[in-house]
Structures are given as C-alpha cells and as structure tokens.
Amino acid sequence: MKDLEGKIHLVSSLPLFRSLSKKEKTWVAESVHIVERERDELLFTAGDSDRSLFLILSGGIKLFLPKKGEGKREEEVQYLKKGEYFGIQALLTGEKHNHTAVTVSESRFLVLSQSEFQKLIQKIPYLSITFSKMLTKSLRGELLGGKEYFRNSVVCLVHSDPITKDRFASELVEKIESESGKKAVILHFSQNGNVSSPHTKTYKFKDADRIKETLGKHYASHSFIFLEVFPETEEELKHLLIDESDHIENLVSLEYKTNLCDSITKDAKENEILYHETNIREILDHGKWDIFIRRKARELSGVEMGVALGGGAALGLAQVGIMKVLDEEGIIPDMISGTSIGAIIGAFWASGLGYKGILPLLGEIDSLFKMFKLVDLSFPGQGLLHGKHVRTLLEKYLGDLYFEDLPIKLRLISCDISTRQEIVLSEGKVLDAVMASISIPGVFVPQPQENGKTYVDGGIVNPLPVSALTQEGIQKIVAINSMPSSKDEMKTNKLLNLNVLDIIVNSLYSLQYRIGKYSAQEADVYLNPILPNSNWFEFWRSKEFIELGETVAKSSLQEIKQLFSEKN
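Residues numbered from 1 in each chain as written. Predicted model: local features only at pLDDT ≥ 70, side-chain atom pairs only at ≥ 80, totals over all residues. Heavy atoms only, no water.

The protein chain is annotated in an unreviewed UniProt entry as Putative cyclic nucleotide-binding protein of Leptospira biflexa serovar Patoc. The heading Sequence similarities (unreviewed entry) in the UniProt record of the protein chain holds the text "Belongs to the NTE family." (UniProt positions renumbered as here; feature names shortened; annotations may be inferred.)

Some thoughts on the overall build of the protein chain
What the protein chain contains, in helices and strands, is 21 helices and 24 strands. Within the span of the protein chain, comprising 568 residues, buried residues form 54% of the whole. Put simply, 76% of the contacts in the protein chain that link residues at least 6 apart link residues at least 24 apart. (Helix = DSSP H or I, 4+ residues; strand = E, 2+ residues; numbered from the N terminus. Buried < 20%, exposed > 50% of the residue type's maximum accessible area, 1.4 Å probe, protein only. Contact = heavy atoms within 4.5 Å.)

Some details on the pairing of strand β18 (residues 409–416)
Burial analysis of β18 places eight of its eight residues in the buried class, the great majority of the element. Alternating positions in β18 separate into two faces, K409, R411, I413 and C415 on one and L410, L412, S414 and D416 on the other, with burial throughout. Where strand β16 (residues 335–339) and β18 come together, five bridges link them in parallel fashion. Within β18, the position partnered with S337 by the bridge is R411. As consecutive antiparallel partners, β18 and strand β19 (residues 421–425) are separated by four residues, and within that stretch R420 has a phi angle of approximately 60°, a positive value. Note that β18 and strand β22 (residues 454–457) share three bridges and pair antiparallel. Across the sheet, residue C415 finds its bridge partner in β22, namely V456. (Pairing = 2+ DSSP bridges.)

Things to note about the confidence of the model for the protein chain
The predicted model of the protein chain averages 81 in pLDDT, with 79% of residues at 70 or higher. The low-confidence segment residues 140–151 (pLDDT under 50) makes 34 contacts with residues lying over four places distant or belonging to another chain. Within the model, the stretch residues 494–498 combines pLDDT values under 50 with five contacts to residues more than four positions away or in other chains. (pLDDT = per-residue confidence, 0-100.)

Observations concerning the UniProt feature "active site" (unreviewed entry) in the protein chain
UniProt's entry tags S340 and D457 with the feature "active site" (unreviewed entry), counted in the numbering of this structure. A compact arrangement is adopted by the annotated residues: their sequence extent is 118 residues, whereas the largest C-alpha distance between any two is 6.0 Å. Looking at where S340 falls in the secondary structure, it is placed in the loop between β16 and α13 (341–351). For S340, a relative accessible area of 7% corresponds to the buried category. Not counting chain neighbours up to four residues away, the residues in contact with S340 comprise G311, S437, I438 and D457. Mapped onto the elements of the fold, D457 is located in strand β22. Judged by its relative accessible area of 5%, D457 is buried.

Some details on the packing of helix α2 (residues 22–31) against helix α4 (residues 114–123)
The contact between α2 and α4 brings their axes to 10 Å, and the two run at 165°. On the basis of their axis angle, the class for α2 and α4 is roughly antiparallel. With respect to the hand of their crossing, α2 and α4 are arranged in right-handed fashion. When α2 is examined against α4, the residues W27, V28, E30 and S31 are found in contact with a partner set consisting of E116, L120 and K123. Among the residues forming the contact of α2 with α4, the class breakdown is three nonpolar, one polar and three charged. (Axes fitted to C-alpha atoms, helices over the stretch in contact; angles between N-to-C directions. Parallel < 35°, antiparallel > 145°, perpendicular 65-115°, else oblique. Left-handed = near helix turned anticlockwise from the far one by under 90°. Nonpolar A, V, L, I, M, F, W, Y, C, P; charged D, E, K, R; others polar.)

Section: the pattern of salt bridges
With the rule as written, the count across this model stands at 25 salt bridges. A salt bridge links R108 to E36; its shortest N-O distance comes to 3.3 Å. Highlighted residues: R108 in strand β8 (residues 107–113) and E36 in strand β1 (residues 33–37), separated in sequence by 72 residues. Its relative accessible area of 19% is what places R108 among the buried residues. With relative accessibility at 54%, the residue E36 sits in the exposed group. For E179, the salt bridge goes to R294, with nearest N and O atoms at 3.7 Å. Highlighted residues: E179 in helix α6 (residues 168–180) and R294 in helix α11 (residues 289–301), separated in sequence by 115 residues. Looking at E179, the relative accessible area reads 19%, which means it is buried. One connected set of salt bridges, linked through shared partners, spans E249, K296, E299, E304 and K409. (Salt bridge = Lys/Arg side-chain N within 4 Å of Asp/Glu carboxyl O.)

Comments concerning the nonpolar core
Soluble globular proteins: nonpolar side chains tend toward being buried together. Counting residues in hydrophobic clusters, the biggest one holds 64 residues, and the most contacted among them are L394, L410, V434 and V478. Considering each element in turn, this core owes the most residues, eight residues, to α13. If near-sequence neighbours (up to four positions away) are discounted, V478 is found in contact with M305, G306, V307, A308, V525, L527, I560 and L563. (Core = buried A, V, L, I, M, F, W, Y, C linked by side-chain atoms within 4.5 Å.)

Topic: the sheet that holds strand β13 (residues 247–252)
Across a sheet, strands are paired by hydrogen bonds formed along the backbone, either parallel or antiparallel in direction. Here six strands make up an open sheet; going across it, the order is β11-β10-β12-β9-β13-β14 and the pairing parallel. Either end of the sheet is taken by a strand with one partner, and the two such strands are β11 (200–203) and β14 (275–279). Between one strand and the next, the sheet's axes are offset by a mean angle of 25°, whatever the strand orientation. One ladder, built from four bridges, connects strand β10 (residues 184–189) with β11; its direction is parallel.

A word on the side chain of E228
Positionally, E228 belongs in strand β12 (residues 224–229). An unpaired buried charge is present at E228: no salt bridge exists, and K165, the closest side chain of opposite charge, is 9.3 Å distant. Polar side-chain contacts of E228 include one of 2.6 Å to the side chain of H159. For E228, the side chain forms a polar contact with the side chain of H188, separated by 2.6 Å. (Lys, Arg positive; Asp, Glu negative; His and termini not counted. Polar contact = N/O pair within 3.5 Å; in protein donor to acceptor, adjacent residues only side chain to side chain.)

Below, the structure is given as structure tokens:
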C-alpha cells in the first residue's frame, strides 16, 4: 500500500497526468513501475524493440541519433529532464526506437509498458487522445526534418473580451522568448488582429487542410504556435482553431458578456492543462498587467521556479535569511508553498513585504517577556493556547490581504483533522490560511472554517510542501527543510516545567523530518539550515537563525542562480 501511495504521489507531480481524478491517478500508478539509473547509463539504443514510455521524475537524459556512416559520430538531439517524457512513438506505433537514450545524472523514471498502456486506456479512454496528439506532433516534426522529441505547443488565445486583442499575443510571445529562450510565432488565418508584430504571420486562406499544413510547417522551428480567436471570427474557423490547440486561454470579463468558448464541454473546461479562463478587465483594473504577462509566459514555457518552505517553528526563521539573500540577488520565485512557520514567511515573501517587512514582526517577539504576551491559555480546551494573540500580531502586517492580491503565487498547507487529509489553501484571506497552517495540535486550538471543517498544522501531512508546487506544474524547485534530524543536538524546554510542549512538538518533528527528506527528492536544490544547540521556541534568537539562513543560501547561491536563469 505504501508503494502505491508513493507512486500516486509521483504520478500527480507529472504535468501529463495532473488533470486526472484521484481514481484515475491510482489506475496510472498501478500501471507504471519505478526505474532508477546511475549517471551515463544506457536506457536503450536505436533499433531496440522495448516499447515503453519513460516519464522523468528526477535527473535527465540525452537522446542521440544513430551514426549515419562509417567514421561518423552519433548526433545529439535533445536533453530532457524532470517532467518530460520519451518513447511515445515506440509505445503507440509498436515501432523500434529511433534514438539512443543515455542518462546524464542519477535519474528516476516512471515506466509505462505497451501492454499496461493498452489496459489503462480501456479504463481512461480520453487519455488515448492526449497520447495521440503527442504522437502526431512527433511525427509531423520528423516528416519535416525536425527532431522527434522537439517540444512544442499550440495555444489558442480566445478574446471573448477583445479589450487586449491588439497587444496580448505579441507581448506574451516577447516575454516567452526573453524568459525561456524558446521561439514562438502568432498565426492569423483570414481574420483581424495585431499584424504589426514581427512575431505575427498572416494568411488569407481559411481552408482546414491548408491551416493544418501551415501548423505542421512551424512545428519543427517553434516551441509555441499561437492562434487567435476574436468575436468576429467565423464560427467554423473558430472551432477549427480551438480543435487544433493543445491549450486554450480564454480572456473574459463580467462587463463583456460574450464567451466564445461556450461550445467547449464541461469536462474540457475542468481540465486545467487544456483550458484556462482569465478575467482580463480585472487584471487591467488592478494594474497587474505586467505581472500577469510574466506569470503566463513563465507558466506556459515551463521555466517557473518555486520555493517550498517547511515547518520548524523558531528554527524556520533561518528561511528569512534565505529570503533576504534571494531578494538581494533579484531572484523572484514564481510560486511559494509553505507549511507552519513556512506559511508565515511564505505569506510575507509572496506579498512583497519580504525580508524588510518581516523584521518589525520579529522585533515584537525578540525577548522572552514579549513572547509571554502572546500566551492566551485555553483551559480546558482543544489546545494549550487559543492563538488569538498570535492572530492579532500577524493581522498588523498581513491585514486584509487576499491570495488574489499577491504578486507571487502562494500555496499554504493545512490538515483537515476529521479526514486527516492534506488541504492546499490558495483562495480567500491569507491570514485565515496562515492561522490554519500554524495550528500545531495540542498547542494551538484548531481553526474552524466557514465550510464547517476544522484545520490544523499542515506539517502533520506535508512538512515540506514540494508536492504543492509540482502539482501546479512547477519543475524547478528550491526546498528548505528546517526540521532537525536525530543527529542534531537540540535544547530541552524546562521553563516553568512546560515539558509537555517539548514532548508534543519534538514528537511531531521526529516524524516530519523523515517525511520532509522524502519530499526533498523532488527538489532541485535542498537546504537544511539547523542552528546547533537551539530549539523550536527560541523566537528571540531570530538574528542568529537569520544569519545561519544567509550563510546556507550563499553557499548554494550559484546552484540557485543557475536554476533560476536556466532557460531550456
């Protein structure tokens, strides 16, 4: 059972399966097996008849074309890494591999055999459509002299509200090329739109076969092909462009009632990989245009970088030092996930308050006397502390911030105490989510929710929330685990004989460290700042914790910089 749960977790982290239901992900997990390989290990050679699909969990591989003559060298085709796949043509056609695949580092894969795939599509029929599209693009690229595994995507921009129709596509393409280095083109077929952009190509015809042929010609040279649908686009052409797309971006608004995607099925709209809807006037009215364009460009081109912040109470203040170093280096994450103390720090980071904004808060708890002001005992009750004083303190800084207002996407982790299930909070008031995520069982009274549920500290189920990032499609991740291991020498709290707190908290941390280490396997950079001879309750030592975080961040700075700036 544990092995199956682990595979479900891994399947959920891959973009290819992200939109499946929990039951469907379980079926996929039952169909695949995990393969681990050392660096420079041969997976298969051109001509091999192993008809399996490989999905990369960690590490990377290089694909080579076979030698074309005596004395000739193999030609390197492409480098693939976490989240990508290879072997699709052999899987679906039964043909032998056209390439040789070699690992470039220690790597882990989920492998789906042809026989298991046949069983799987009987359970999930529409999965075969996704795989067929992958194969079609692969074959088109090959016929046109391109690379079999060249990654490209056709995106249809649907201007249900045409307020940005003359700027959205061109600005998005420019940002994609600057952020990712990937080439993109905008294709217009017998319709209006921004033709002044150097990225736009306009064709007078609207014949279906010629449109498909034109798309195919661009597969081999562009990672992204953008199509556009406007209110004046003819119905037949609109349906054709939408059908030819891998992903639809529908720009709508409450003011402009038209929705050009009304014909799209409910199932398709619920699939985030296929369809996304944005209230474009709300973006403009709130002055978030530049942030929106950058986010969308990095999201579509797969270069988003995320930071996962774990728990650890006062030990987690080392994360503030790491935040300071990244802020000073101009490294802005695209998404932050946090649990427990990581939820507090993540909220400050994502809101733009950052390192300077959190210092006044830490100044209010920089002595034992000030810490006692936060104590509001609960006798008898569901926890030792009500947590009302802590909420009042945080409210001074986070106020009425909502997730929708944050310049950096934020995901906070809590646990539904009734079902013992992980809850990822991404909507509503940030402060409410923070309080739910920091409510350590036995220490703080659990946080009742408007939906009737009761939430507690997210560290119970996910102490290092890397998975909250991978499930959102983030492929480049820095994970910060502030949980001490059994080898770390920690203090014991004998103050006022409140040993019960140490018993509760350290018991939790013992388990959470091991879970966190497992989660860290999915991260690209792993940091574990632990201040010797310290403990979870010593918030007044924030300066020491922060300095430690700075030291740890600087020691891995080059690795983090490379991860952030890496374009392909």
